[in-house]
Amino acid sequence: MPELPEVETTRRDLEPLVTGRTITGVSVPDGQPGPMAPLSVAQFGDAVRGRTIERLERRGKYLIAALSGGVALVLHRRMTGNLLFARPEDAAPAFLRAVITLDDGAELRWQDQRRFGTWALADDPGKALSSLGPEPLAGSWTVADLAAALRGRTAPVKAVLLDQRRVAGLGNIYADESLHQAGIHPARPAGSLTPAETERVHTAIRAVLARAIHLQGSSARDYVGGLGQRGRMQEEWRVYERGGLPCYGCGGVIEKVRIAGRGTHLCPACQPALP
Ligand SMILES: [Zn+2]
């Protein structure tokens, strides 16, 4: 499932290609509900046609196209959504669910096998997404902020990292990878982390996310970037989807367990259950 690095990769791919372009039309394949539901494709098209894409932004796992006239298109990929830049002559991808046509003839194509992805319109995306926590790669996100998010909580530290209200953009892959890099067991009660451990988690989250963006995200299954390219971060996963395989750090066996309702990957030697 796409997380912060995958959405940021798509934003960087598309920004130079679509900024300043005007939307000329929107379509969905015959008989399909589009990602803009509950709006119909006609309602959605009427709302965005003639508007210019002024900026492409990201907040957490949301991609936000700021349009002229004070409207924003807010996309969430959920399980399998990909936003692809294409020319009309390019072959249609599998699972094509909607197309935005631009004034230079280019297209933004929405591919989504599972159809859980959403397109919404917002007058004020900051307000619409106001429940999201801080951006973990922002310079303003400090160890003290993370400590405040963890303090007093008995929930597993992994559950707090996945909670988009505490920190925005982490999902199952990068939560597992960050906690492994920090040497913290994902089931540890969040409030039990020492200041030194909290600092290690803060450092690991930033390092893992930055590395994943550098490698254009993780493409183990459906995810591709805005130009259709695969990312390479899956080649550097140290625990995620490596259950039963040897830990690169200690040679022990990576475990897959269920924590916070999610399949969770960890090395029990490098990430001890007790501090
Ligand atoms: Zn290990």
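Residues numbered from 1 in each chain as written. Predicted model: local features only at pLDDT ≥ 70, side-chain atom pairs only at ≥ 80, totals over all residues. Heavy atoms only, no water.

Participant: Can you explain the environment of L161? Please cite residues and give values.
Facilitator: Mapping L161 onto the fold places it in helix 5 (residues 157-162). Taking C-alpha positions, L161 is 27 Å from L73, a pair spaced 88 residues apart along the chain. (Helix = DSSP H or I, 4+ residues; strand = E, 2+ residues; numbered from the N terminus.)

Participant: Mind laying out the coordination of the zinc ion, listing which residues take part and the relevant values?
Facilitator: Surrounding the zinc ion are the protein donor atoms C247 (SG), C250 (SG), C267 (SG) and C270 (SG), which sit 2.2 to 2.4 Å from the metal. For the zinc ion, the four donor atoms in the first shell make angles of 97 to 114 degrees at the metal, so the coordination geometry reads as tetrahedral. All donors of the zinc ion come from a single chain, and their spacing in sequence reads C-x2-C-x16-C-x2-C. Residue C267 is classed as buried on the basis of its relative accessible area, which comes to 1%. (Donors = N, O, S within 2.8 Å, 3.2 Å for Na, K, Ca; no water. Tetrahedral: all angles 85-135°; square planar, octahedral: opposite > 155°, others 65-115°. Buried < 20%, exposed > 50% of the residue type's maximum accessible area, 1.4 Å probe, protein only.)

Participant: Outline the nonpolar core, listing residues and values.
Facilitator: Formed by 27 residues in total, the largest nonpolar core has its most connected members in V157, L161, Y174 and V201. Mapped by element, the contributors of at least two residues to this core are helix 4 (143-150), helix 5, helix 6 (172-182) and helix 7 (195-214). Aside from chain neighbours lying at most four places away, what touches Y174 is E3, P5, E6, V208, L209, A212, G217, S218 and M233. Counting 25 residues, the second largest nonpolar core, distinct from the first, contains V18, M36, L75 and L102. (Core = buried A, V, L, I, M, F, W, Y, C linked by side-chain atoms within 4.5 Å. Contact = heavy atoms within 4.5 Å.)

Participant: Can you explain the pattern of salt bridges? Please cite residues and give values.
Facilitator: Enumeration according to the criterion identifies 18 salt bridges in this entry. Taking the shortest distance from any N to any O, the salt bridge between R21 and D103 comes out at 2.6 Å. Separated by 82 residues along the polypeptide, R21 in the loop between helix 1 (4-18) and strand 1 (23-27) and D103 in the loop between strand 6 (96-102) and strand 7 (107-112) bring together distant segments of the chain. A single salt-bridge network, built from bridges that share partners, covers E8, R11, R12, E15, R58, R59 and E135. (Salt bridge = Lys/Arg side-chain N within 4 Å of Asp/Glu carboxyl O.)

Participant: Account for the sheet that holds strand 3 (residues 62-67), with residues named and values stated.
Facilitator: In a beta sheet, neighbouring strands pair by backbone hydrogen bonds and run either parallel or antiparallel. In spatial order, the strands read 2-3-4-8; together these four strands make up an open sheet with antiparallel pairing. Each having just a single partner strand, strand 2 (53-59) and strand 8 (118-122) make up the two edges of the open sheet. Shown here is a sheet whose adjacent strand axes are inclined to one another by a mean of 20 degrees, direction ignored. Running at roughly 170 degrees to strand 2, helix 1 makes contact with strand 2 and strand 3 of the sheet. (Pairing = 2+ DSSP bridges. Axes fitted to C-alpha atoms, helices over the stretch in contact; angles between N-to-C directions.)

Participant: Account for the packing of aromatic side chains, naming residues and giving values.
Facilitator: Scanning the entire structure with this criterion turns up three aromatic pairs. Arranged with centres 5.5 Å apart and planes meeting at 45 degrees, the rings of F44 and W119 form a pair that is tilted. Taken together, the residues span a long stretch of sequence, with F44 in helix 2 (residues 41-48) and W119 in strand 8 at a distance of 75 residues. In this structure F44 comes out as buried when scored by relative accessible area, which is 0%. With centroids separated by 5.8 Å and ring planes inclined at 70 degrees, the aromatic side chains of W110 and W119 adopt a geometry described as edge-to-face. Ring pairs connect the aromatic residues F44, W110 and W119, which therefore count as one cluster. Positioned above the aromatic ring of Y248 is the side chain of R242, whose terminal nitrogen or guanidinium carbon lies 4.0 Å from the ring centre. (Phe/Tyr/Trp six-rings, centres within 6.5 Å; stacked < 30°, edge-to-face > 60°. Lys NZ or Arg CZ within 6 Å of the ring centre and 35° of its normal.)

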